[in-house]
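If you want the building blocks of each chain, they are given just below.
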Amino acid sequence: MNKPLDRMPLEPAACEDRWQREYAAQIGTDKDVRNRSGIAIKPMYTPRDWTGDRHDADVGFPGQPPYTRGIYPTMHRGRTWTQRQLIGLGTPPDYNARLSTIIAQGASAVSLIPCNSVYRGYDMDEVHEELLGTCGVVVNTAEHMDVCLAGVELGSMSCAMNDPSPFTLLAFLLATAKRRGVPWSAISGTSNQSDYISHYVANHMFFRIALPGARRILGDHIDFCNRHVPKWNPMSVVGQHMQQAGATPAEAMAFTFATALQNADDCVARGMDPDQFLPRFTFFFDISLSFFEEIARFRAGRRIWARLARERYGAKDPRSWRFKFHAQTSGVDLTRQQPQNNIARVTVQAMAGILGGLQSLHTDAYDEALSCPTEHGARIAVATQNILREEAHLTDVIDPLGGSYYVETLTDAMEAEILRSMRRVEEAGGMYAAVAAGIVQKQIGESARRFQDAIESGRQTVVGVNAYRVDEDRSARPSQPKPDPRKMRDHIAAFHAWRAARSQEAVAKALNALARAANDPKDNVFAQVVAAAEAGCTHGEICATLRREMGFGHVQAIV
Amino acid sequence: MDIRPKVLVTKIGLDGHDRGSRIVAAYLRDAGMEVIYTPPWQEIPAVVKLATEEDVDVIGISSLATDHLIVPKLVVALRAAGLTDVAVIVGGIVPDEDEDMLLAAGVAKVFHPGGALEDIAQYIRDITPVLRAQRAAG
């Protein structure tokens, strides 16, 4: 027979006191455990940390303010997230082939990554040929977009374009839709990463008009889409770049909200109605390996955004209050060493995003720390999502961690930390001013350095990098995919022939109208970009015109 | 003998991700080196000009999105400008077959993700006296 158990003291408080005594006695000197945002983490959480007193005000129910538990009543039990894998490599036919493959494997939406030459505002014959198509698809015209999206039903499939301001990819998509007889009112998707501020702060990728011009073009873009492409999300506010550049999860979310407020304030200043533009605001985040921190941050984010939309903008439509976000597993956490370990990392990151209530997910391929993803890597990334969605029972219960003493306490702490960082930006005069002054960039650089120090000192384990190393030869690493140089040369030759054959008169007229719009605040620059795309102008021509008229935005050197 | 290496940390090509170049530049500076840092998107002739004017020992190129593919063009341009004793090192995401190509093209060393910052600093400390001796020998 088992010995009888000690009788439990009747008072819960006495139990907790006893546990604390025993914990202290056994642990000796306790570790100072902090998450990536610097919040101290206790060894255990109890009803003394989260009493549930504020359940109705702070937690509530999914689909209702403050949306902590999710923005829709059914969440993933009803409709799971959109499986949106970012892809792009080579020529338009290469892209179309890869897109068709991943749709057949389970991807449910289009996402297009253009070549870095497109990001930078150039046509294919304005850059080093070696670089063409190595990181994205070379799309310079409406014809190229038509080929990229061959076989895609534009009226029913959501299309996300990683679209550099001035949003020529959307303009090419709209021109393609018109040719195929699909009304613009049926087109849905997102101008992914349309937020110029995050590009100034962090990855410096997208085509850069000097800040005042970039600000105006985004406003024109939002206004145009609200009027003519009502199912399109023109505003994608990006925390991902800032976190990849080194911001902590709390900082990334704070700066993202500060950016959203800047953009929303700018829309209001143009006389737009919050209930018209806010429902088309979307967010884009990184998901790090800090599992509970990420979940708590997304729960806190929903609450913060709902309150801002209602209190700051007086929005009355619940669609304006919902914090909709796409997330991508963090590439910075992946390692070149023992690359297949990254499959485990991506799985944990994706679970954090799913349990955090995301609407759309990209899972990184395990070989992204080595090169652009191989087809093998991309297939495992898609399969990871399929497994999590359909095998792991993650979607059975809405917000399954809600009510956990730890997760609720951490949600409150992350909310406080996010609001604290937001206040610092407000004190600097808002996000536009803080970025123009380099304040945000500097803070992110310091956080990046702190994290690097933690890795180099061994305080933060990275398996295969500063711990558990194994000797590897290059057979451990898959060889990288490269665009076929012959196909790329054919692509360039066809582009030159097409450009020589188009109506030069129509092109010149459209570029003149674009240049005039750039200097006339009453005109809409994006409307003229769309007209230029339809008239046969190329991406490089459109960008060159705006660079000339509105000035180029240089990167500040901040070390 | 106290040699203070002079290093240009920069990015050429199309990519703008500068977390790596900023961290490396700050580390080398804090390690006592003289660091010239530029934002991304430098043209090759601009890098050659800066390296000449500043008389640097080492040029560090950060490449995270295939920009290393044009580093051989930079090496050719440096040599053509008479900068034969300036070492070009590359850090970032460089696949194995490209590393072979870079080393064959005259790149001195490639550093990969997960490496320690101190390894880069030590390499520069080791190579600088050699480069200066070569230059002095003319």
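The shown structure was predicted, so the numbers you read here are calculated from the model rather than taken from an experiment.

## Here we look at the overall build of chain B
Phase 1 of the analysis: Along chain B, the regular secondary structure elements total five helices and five strands.
Phase 2 of the analysis: Counting helices and strands in the order they occur from the N terminus, chain B gives β-α-β-α-β-α-β-α-β-α.
Phase 3 of the analysis: Taken along the three principal axes of its C-alpha coordinates, chain B extends 40 × 30 × 25 Å.
Phase 4 of the analysis: Per-residue burial for chain B yields a buried fraction of 48% across its 138 residues.

## A look at the sheet that holds strand 8 (residues 325-329) of chain A
Residue and element names in this part refer to chain A.
Phase 1 of the analysis: On the basis of which strands lie adjacent, the open sheet formed by five strands has the order 1-9-8-7-6 and parallel pairing. Of all strands in the sheet, those with a lone pairing partner are strand 1 (82-83) and strand 6 (235-238), marking the two edges.
Phase 2 of the analysis: Here three bridges tie strand 8 to strand 9 (residues 360-362), and the two strands are oriented parallel to one another. Its bridge partner lying in strand 9, Gln328 is registered against His362.
Phase 3 of the analysis: Along the sheet, helix 15 (residues 341-355) makes contact with strand 7 (281-287), strand 8 and strand 9, crossing strand 8 at roughly 165 degrees.

## Comments concerning the environment of Ala51 of chain B
Residues and elements named next belong to chain B.
Phase 1 of the analysis: Topologically, Ala51 is positioned in helix 2 (residues 44-54).
Phase 2 of the analysis: On the basis of neighbour counts, which here come to 24 C-beta atoms within 10 Å, the residue Ala51 falls in the buried class.
Phase 3 of the analysis: Residues Ala51 and Leu14, 37 residues apart in the sequence, show an inter-C-alpha distance of 20 Å.
Phase 4 of the analysis: If we skip the residues at most four places from it in the chain, Ala51 touches Leu8, Val56, Ile59, Leu78, Leu83 and Val86.

## Here we look at unusual backbone geometry
Phase 1 of the analysis: Along the chain, Pro65 of chain A connects to Pro66 of chain A via a cis peptide bond; the corresponding omega equals 5 degrees.
Phase 2 of the analysis: With respect to the helices, strands and loops of the structure, Pro66 of chain A is situated in the loop between helix 2 (55-59) and helix 3 (75-78).
Phase 3 of the analysis: Not every positive phi belongs to a glycine, and Gln193 of chain A is a case in point at roughly 60 degrees.
Phase 4 of the analysis: One can find Gln193 of chain A in the loop between strand 4 (189-192) and helix 8 (196-201).
Phase 5 of the analysis: Here the phi dihedral of Thr66 of chain B falls at roughly 70 degrees; this positive angle occurs in a residue that is not glycine.
Phase 6 of the analysis: As for its position among the elements, Thr66 of chain B is in the loop between strand 3 (58-63) and helix 3 (71-80).
Phase 7 of the analysis: On the basis of neighbour count, Thr66 of chain B is assigned to the buried category, with 27 C-beta atoms found within 10 Å.

## So, the pairing of strand 2 (residues 34-37) of chain B
Residues and elements named next belong to chain B.
Phase 1 of the analysis: Side chains of strand 2 alternate between two faces, with Val35 and Tyr37 buried and Glu34 and Ile36 left unburied.
Phase 2 of the analysis: Here strand 1 (residues 6-10) runs beside strand 2; their pairing, made up of four bridges, is parallel. If you follow Leu8 over to strand 2, its bridge partner there is Ile36.

## Thoughts on the domain arrangement of chain A
All names here are of chain A.
Phase 1 of the analysis: Taken domain by domain, chain A comprises domain 1 (57-456) and domain 2 (499-550).
Phase 2 of the analysis: Taking the mean C-alpha position of each, domain 1 and domain 2 sit 28 Å from one another.
Phase 3 of the analysis: Every contact between the two is made by 26 residues of domain 1 and, on the other side, 16 residues of domain 2.
Phase 4 of the analysis: If you list the elements that add at least two residues to the side of domain 1 that touches domain 2, you get helix 7 (168-180) and helix 9 (211-228).

## Focus on the interface of chain A and chain B
Phase 1 of the analysis: Each partner contributes to the interface: chain A provides 35 residues, whereas chain B provides 29 residues.
Phase 2 of the analysis: Those elements giving two or more residues to the side of chain A that touches chain B turn out to be helix 5 (116-119) and helix 19 (439-456) of chain A.
Phase 3 of the analysis: In terms of residues, the side of chain A that touches chain B owes the most to one element, helix 19 of chain A, which gives five residues.

## Considerations on the sheet that holds strand 1 of chain B
Residues and elements named next belong to chain B.
Phase 1 of the analysis: What the five strands build is an open sheet, ordered 2-1-3-4-5; its pairing is parallel. Because the sheet does not close on itself, it has two edges, and the strands there are strand 2 and strand 5 (109-111). When strand polarity is set aside, the average angle formed by the axes of neighbouring strands in this sheet is 20 degrees.
Phase 2 of the analysis: In the packing of helix 2 onto the sheet, contacts are made with strand 1, strand 2 and strand 3, and the angle to strand 1 comes to roughly 160 degrees.

## Let's talk about helix 5 (residues 117-137) of chain B
A turn of α-helix holds 3.6 residues, and therefore any two residues three or four places apart point the same way.
Phase 1 of the analysis: Taking 1.5 Å per residue, 21 residues should reach 30 Å; helix 5 of chain B reaches 31 Å between its end C-alpha atoms and fits that length.
Phase 2 of the analysis: At Ile127 of chain B, helix 5 of chain B is deflected by roughly 30 degrees, the largest bend along its length, and proline Pro129 of chain B occurs up to four residues later in sequence.
Phase 3 of the analysis: For helix 5 of chain B, every residue scored as buried is listed here: Leu117, Ile120, Ile124 and Leu131 of chain B.
Phase 4 of the analysis: Where helix 5 of chain B is buried, its residues touch helix 19 of chain A together with strand 1, helix 1 (19-30), strand 3, strand 4 (87-92) and strand 5 of chain B.
Phase 5 of the analysis: Once helix 5 of chain B ends, the next one or two residues include Gly138 of chain B, with phi positive near 60 degrees.

## Here we look at the environment of Phe285 of chain A
Residues and elements named next belong to chain A.
Phase 1 of the analysis: Mapped onto the elements, Phe285 comes out in strand 7.
Phase 2 of the analysis: The class of Phe285 is buried, set by 27 C-beta atoms lying within 10 Å.
Phase 3 of the analysis: Taking the C-alpha atoms as reference, Phe285 lies 9.1 Å from Met242; in sequence the two are 43 residues apart.
Phase 4 of the analysis: In contact with Phe285, not counting residues within four places along its chain, are Gly239, Gln240, Ala252, Phe325 and Ala327.

## Some details on the packing of helix 15 of chain A against helix 16 (residues 375-390) of chain A
Residue and element names in this part refer to chain A.
Phase 1 of the analysis: Axis separation between helix 15 and helix 16 bottoms out at 10 Å; the angle between their running directions is 45 degrees. In this view, helix 15 runs oblique relative to helix 16, as classed from their interaxial angle. Crossing angle aside, the handedness with which helix 15 passes helix 16 is right-handed. Between helix 15, through Ile343, Val346, Thr347, Ala350, Met351 and Ile354, and helix 16, the contact on the second element is made entirely by Ile380, Ala381, Thr384, Gln385 and Leu388.

## Thoughts on the packing of helix 2 of chain B against helix 3 of chain B
All names here are of chain B.
Phase 1 of the analysis: The geometry of helix 2 relative to helix 3 is characterised by a closest axis approach of 10 Å and an angle of 45 degrees between their N-to-C directions. With respect to their mutual orientation, helix 2 and helix 3 come out oblique. Considering how the two elements wind past one another, helix 2 and helix 3 form a crossing that is right-handed. Here Ile44, Pro45, Val47, Val48 and Ala51 of helix 2 lie close against helix 3, whose contacting residues are Lys73, Leu74, Ala77 and Leu78.
Phase 2 of the analysis: The class makeup of the residues in the contact of helix 2 with helix 3 is eight nonpolar, no polar and one charged.

## Considerations on helix 17 (residues 405-427) of chain A
Residue and element names in this part refer to chain A.
Phase 1 of the analysis: Compared with an ideal rise of 1.5 Å per residue, which puts 23 residues at 33 Å, helix 17 spans 33 Å between its outermost C-alpha atoms and is within 8% of the ideal.
Phase 2 of the analysis: Of the residues making up helix 17, those classed as buried are Val407, Glu408, Leu410, Thr411, Ala413, Met414, Glu415, Glu417, Ile418, Ser421, Met422 and Val425.
Phase 3 of the analysis: Of the surrounding elements, those touching the buried residues of helix 17 are helix 2, helix 11 (249-269), helix 13 (291-311) and helix 18 (431-436).
Phase 4 of the analysis: Where helix 17 terminates, the next one or two residues include Gly429, which has phi positive at roughly 100 degrees.

## Details of the pairing of strand 4 of chain B
Residues and elements named next belong to chain B.
Phase 1 of the analysis: Most of strand 4 is tucked away: six of the six residues are buried.
Phase 2 of the analysis: In terms of strand pairing, strand 3 meets strand 4 through six bridges, oriented parallel. Of the residues in strand 4, the one forming a bridge with Ile59 is Val88.
Phase 3 of the analysis: Assessed by its sense of winding, the connection that carries the chain from strand 3 through helix 3 to strand 4 is right-handed.
Phase 4 of the analysis: Both strand 4 and strand 5 contribute to a ladder of three bridges, which runs parallel. Residue pairing in the sheet places Val90 in a bridge with Val110 of strand 5.
Phase 5 of the analysis: Crossover strand 4 to strand 5 through helix 4 (residues 96-104) is right-handed.

Reading guide: rules and limits
- Residues numbered from 1 in each chain as written.
- Chains lettered and ligands numbered in written order.
- Predicted model: local features only at pLDDT ≥ 70, side-chain atom pairs only at ≥ 80, totals over all residues.
- Helix = DSSP H or I, 4+ residues; strand = E, 2+ residues; numbered from the N terminus.
- Buried ≥ 20, exposed ≤ 12 C-beta atoms within 10 Å, placed from the backbone.
- Pairing = 2+ DSSP bridges.
- Contact = placed C-beta atoms within 7 Å.
- Axes fitted to C-alpha atoms, helices over the stretch in contact; angles between N-to-C directions.
- Domains from an automatic or database assignment.
- Expected span 1.5 Å × (residues − 1).
- Bend = angle between axes of the 7 residues up to and from the residue.
- Parallel < 35°, antiparallel > 145°, perpendicular 65-115°, else oblique.
- Left-handed = near helix turned anticlockwise from the far one by under 90°.
- Nonpolar A, V, L, I, M, F, W, Y, C, P; charged D, E, K, R; others polar.
- Right-handed = clockwise from strand over helix to strand, strands pointing away.

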